[in-house]
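Structure at a glance
These are the residues of each chain, in order.
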Amino acid sequence: MIVQICVGSSCHLKGSQAIVEMLQQAISDNHLDNDVTLAGSFCTGKCNRYGVTITVDDEIYTGITRENFSEFFQEKILKPIQATGV
């Protein structure tokens, strides 16, 4: 699975660095280091009024914040990996 976090100007101002750190920690805590490739990206053109844009494989998600990060991680990263048995 490839997870790309927007680090462009808008997302940077909305806290992308904190989201990157949260992703790194969640990936490590769940022992997914060999299953997830974490990368930065520049603007995907999907800027939202709040939160950060993250692309998981080919799906783009907007509005990721500290507050909704856990739900996002569980639903869009952890569950799909567990479902494939990777």
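Provided above is the structure to which this section pertains.
The structure displayed is predicted, hence computed values, not measured ones.

1. A closer look at the pattern of salt bridges
This structure, assessed with the given rule, holds one salt bridge. Note that Lys 79 and Glu 75 form a salt bridge whose closest N and O atoms lie 2.9 Å from each other. Placement of the pair is Lys 79 and Glu 75 together in helix α3 (residues 69-84), with a separation of four residues, close to one helical turn.

2. A word on the environment of Thr 65
In this structure, Thr 65 sits in the loop between β4 (59-64) and α3. Judged by its relative accessible area of 16%, Thr 65 is buried. A C-alpha to C-alpha distance of 13 Å links Thr 65 and Cys 47, two positions 18 residues apart in sequence. Here Thr 65 is in contact with Ile 19, Tyr 50 and Gly 51, once residues within four sequence places are set aside.

3. Things to note about the pairing of strand β1 (residues 2-6)
Across five bridges, the pairing between β1 and strand β2 (residues 37-41) is parallel. By the bridge assignment, Cys 6 is partnered in β2 with Ser 41. Sheet topology places β1 next to strand β3 (residues 52-56); three bridges connect them, and they run antiparallel. Bridging across to β3, Gln 4 finds its partner in Thr 55.

4. Digging into the nonpolar core
In terms of nonpolar packing, the biggest core is built from 22 residues, with Val 3, Leu 23, Ile 54, Phe 73 and Ile 77 touching the most fellow members. Within the residue set of this core, elements represented by two or more residues are β1, α2 (16-29), β3, β4 and α3. Sort the elements by how many residues they give to this core and α3 lands first, with six residues. In this structure Ile 77 touches Met 1, Val 3, Leu 23, Val 36, Val 56 and Phe 72, once residues within four positions along its chain are discounted.

5. A look at the packing of aromatic side chains
All told, the structure shown has two aromatic pairs when counted by the stated rule. When the centroid spacing of 5.6 Å and the interplanar angle of 70 degrees are considered together, the rings of Tyr 61 and Phe 72 count as edge-to-face. Remark: Phe 72 occurs in helix α3 and Tyr 61 occurs in strand β4; sequence separation between them is 11 residues. For the pair Tyr 61 and Phe 72, one class covers both residues: buried. Aromatic pair Phe 69 and Phe 73: ring centres 5.9 Å apart, planes at 25 degrees, arrangement stacked. One end of the pair is Phe 69 and the other is Phe 73, both in helix α3 and four residues apart, which spans about a single turn. Each member of the pair Phe 69 and Phe 73 is classed as buried.

Conventions adopted
Residues numbered from 1 in each chain as written. Predicted model: local features only at pLDDT ≥ 70, side-chain atom pairs only at ≥ 80, totals over all residues. Heavy atoms only, no water. Salt bridge = Lys/Arg side-chain N within 4 Å of Asp/Glu carboxyl O. Helix = DSSP H or I, 4+ residues; strand = E, 2+ residues; numbered from the N terminus. Buried < 20%, exposed > 50% of the residue type's maximum accessible area, 1.4 Å probe, protein only. Contact = heavy atoms within 4.5 Å. Pairing = 2+ DSSP bridges. Core = buried A, V, L, I, M, F, W, Y, C linked by side-chain atoms within 4.5 Å. Phe/Tyr/Trp six-rings, centres within 6.5 Å; stacked < 30°, edge-to-face > 60°.

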